[in-house]
Amino acid sequence: MSTLIKVDHLRKVFKRQVRSEGFAGTIKDLFYRRYTDKIAVNDISFTIDRGEIVGYIGPNGAGKSTTIKMLSGILVPTEGIGEVGGLVPQKTRKQYSRRIGVVFGQRTQLWWDIPVSESFKLLKYMYRVPDQEYKRSLELFSDVLRIDEFISAPVRQLSLGQRMRADLCAALLHNPDILYLDEPTIGLDVVVKENIRDFIRQVNQERKTTVILTTHDMSDIEKLCSRVIVIDHGKIMYDGALGELKNIYGTGETMVIEAAEPVRRDGLSLPGIADLACDGKTVTIKYDKTVVNSTAILKTLMNKITITDFVVHPSDIEQIIRKMYENPLPAAEAAASSWGGKIG
Amino acid sequence: MRLYFAFLANEFQTNLAYKSDVFLKMLGRVMGLFVQAALWTALYHNTVSAETNMGQIGLNDMINYVVLSTCISIMVNNNTIFQIGDKIRSGDIGLQLMKPVSLQTAMLFQAMGINASRLVFELVPLVAVAAIFYPLELPPVQVLPLFLIALANGFVINFLLAYTLGLVGFWYINIYHLSRLLTDVIKVFSGAWIPLWFFPQILTDLSEWLPFRLIYFSPITIYLGKTDAFDSLMIILQQFMWIGILVLVAKFVWHRGISKLVIQGG
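What counts, and where the lines are drawn
- Residues numbered from 1 in each chain as written.
- Chains lettered and ligands numbered in written order.
- Predicted model: local features only at pLDDT ≥ 70, side-chain atom pairs only at ≥ 80, totals over all residues.
- Heavy atoms only, no water.
- Salt bridge = Lys/Arg side-chain N within 4 Å of Asp/Glu carboxyl O.
- Buried < 20%, exposed > 50% of the residue type's maximum accessible area, 1.4 Å probe, protein only.
- Helix = DSSP H or I, 4+ residues; strand = E, 2+ residues; numbered from the N terminus.
- Pairing = 2+ DSSP bridges.
- Axes fitted to C-alpha atoms, helices over the stretch in contact; angles between N-to-C directions.
- Contact = heavy atoms within 4.5 Å.
- Buried area = accessible area lost by both parts, 1.4 Å probe.
- Polar contact = N/O pair within 3.5 Å; in protein donor to acceptor, adjacent residues only side chain to side chain.

Chemist: I tried to follow the pattern of salt bridges on my own but got confused; where do I start?
Modeler: Enumeration according to the criterion identifies 23 salt bridges over all chains in this entry. With a closest N to O distance of 3.5 Å, Arg146 of chain A and Asp148 of chain A form a salt bridge. Arg146 of chain A gets classed as partly exposed once you look at its relative accessible area, which sits at 36%. Owing to a relative accessible area of 40%, Asp148 of chain A belongs among the partly exposed residues under this scheme. A salt bridge links Arg89 of chain B to Asp86 of chain B; the nearest nitrogen and oxygen atoms lie 2.8 Å apart. Placement of the pair is Arg89 of chain B and Asp86 of chain B together in helix H4 (residues 80-90), with a separation of three residues, close to one helical turn. Put simply, Lys193, Glu194, Arg197, Asp217, Asp220 and Lys223 of chain A are held in one network by salt bridges that share partners.

Chemist: Looking at this structure, how should I read the sheet that holds strand E8 (residues 227-232) of chain A?
Modeler: Across a sheet, paired strands are connected by hydrogen bonds in the backbone, their directions being either parallel or antiparallel. All names here are of chain A. Strand order across the open sheet formed by six strands is E5-E6-E7-E3-E8-E9, with mixed pairing between neighbours. Since the sheet does not close on itself, it has two edges, and those belong to strand E5 (100-104) and strand E9 (235-241), each with one partner. The mean angle between the axes of side-by-side strands here comes to 15 degrees, regardless of whether they run parallel or antiparallel. The pairing of strand E6 (residues 178-182) with strand E7 (residues 210-214) spans five bridges and is classified as parallel. Within E7, the position partnered with Ile178 by the bridge is Thr210. In the packing of helix H2 (residues 64-71) onto the sheet, the strands contacted are strand E3 (53-57), E6, E7 and E8, and the crossing angle to E7 comes to about 150 degrees. Across the sheet, helix H6 (residues 160-172) lies against E5 and E6, angled at about 165 degrees from E5, the strand it touches most.

Chemist: Before we go on, may I ask you to explain the interface of chain B and chain A in this structure?
Modeler: Accessible area lost during the coming together of the parts is what is often quoted as the interface size. The interface of chain B with chain A comprises 28 residues on the first partner and 30 residues on the second. For the pair chain B and chain A, the summed buried area comes to about 2700 Å², and 62% of that belongs to carbon and sulfur atoms. Where chain B meets chain A, there are one salt bridge. Between Asp92 of chain B and Arg107 of chain A there is a salt bridge, with the nearest N and O atoms lying 3.4 Å from each other. On inspection of chain B and its partner chain A, the count reaches eight residue pairs in polar contact (both at pLDDT 80 or more). Of all the secondary-structure elements, those providing two or more residues to the side of chain B that touches chain A are helix H1 (2-15), helix H5 (92-97) and helix H11 (229-264) of chain B.

Here it is as structure tokens:
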């Protein structure tokens, strides 16, 4: 497969005004402004091949959106180059914009007060989509996302799930090479989430659309991405296969148990667990599954208390990142071994 | 081109999305006309005509002026300044930049879309009401094309002023004050409320150097036959000159704004 996106030592520094405290400070700031540099993206490099679905994850303020904005041409890097399909987005913005589709979970590009179909028509003219291709796209969208059910309603009357689906279609009408998705499933129910993931996967397979996805939802990543890039404080923490990441860092699990009677902490002794907390009838146990597995814990517990219910939560992105900080070495190694040292 | 007409059509529909909104605006226009006409009638009070620095102006002239000025305000006003200000403040301007389309042209056609809907739902009822109470004479046939050109140019000048001020939102987030300033300056210097006939000499001289009178006052004087053919052509020439200047200014501000955006972020 050919390389589509090439990011080389990309860096973005913002100037932020420092505000003084208090009334006097506010007055002072009116006349004399001080600035500090905020490094949003700090020297990152990676390449993405055509047809990949890459999860770009990290906590809030990690630099995800800044990277996406630089790749989509609306921010100029302070240093380094981001190149997409041989084009530098900032320099050839109009030409480049025909090749990308963008969805921001928090914004809409549809016209608020008029039917969805009118927005689509406008986009059809904007990207000069041929009639036949337009029709074919609409059929596909109706098949998978059932947009025909609400295409003649104005956007303000749509539910969040419907609006999100319509926005996704709007971003794909012109069959872009690359689709940037910024938290596409935020605030949606499970059924719609699943529906949207299926759709993204189908578009990726049928049209070979490259997808870059930022999300806080671990199941988005699990269902869609074969590769993840983890970023925090503007630096790449990990770049590689998702399975690998989970093997190394995602081994922590949390088990929540409901007992028949109130449980006392001191009556329980479990070998190998990291943390145990009791609150009435609820017991929360944190453990590393490479040290002790859930069945072993349950077995030990069942001898002591009556269990009415239990749930096991795998670790989420925040936990994985926290673990990366505690033990950063394996990440670099893992990335180096699986991706041939692409970390910058 | 079809793309830009789609912008026009979408904005046309947007403007008609709320039924009561449409009817209230219609009513507001008619009310406004009556209030202004009553005001001038009271001011003239038994006087047949007033001596001004542009000759004798009678009450009849004034009523005609008010009707025309109200009609023009329907056709040249726009929301462009707020539309752009909102885009910049909310960060939607970023989405806009990811589209292969010129913001300025898109906004122009959106403004035309709004005005097309106003033409149908505000101007037509207004003209109908005015025809009953304050009948307006049609100008001689040869004046009409000049008036229409001057009117269209006035719309473009007003649009460019609003668009450029809207772009100031890149540096100054609270666009409301600027909008207020622009509206008031236009009201005074364009002759939208008070014809420049009644201005003291110094204000008349000042307004000669500003583009605002070309939006209202000049088209109206052409319509009312207060300027001869040569002066009318000169007015249109001046309008084109101002359009040229404003296009350049808008371009400059746009490029400065965008380079700030792409360096500092939204």
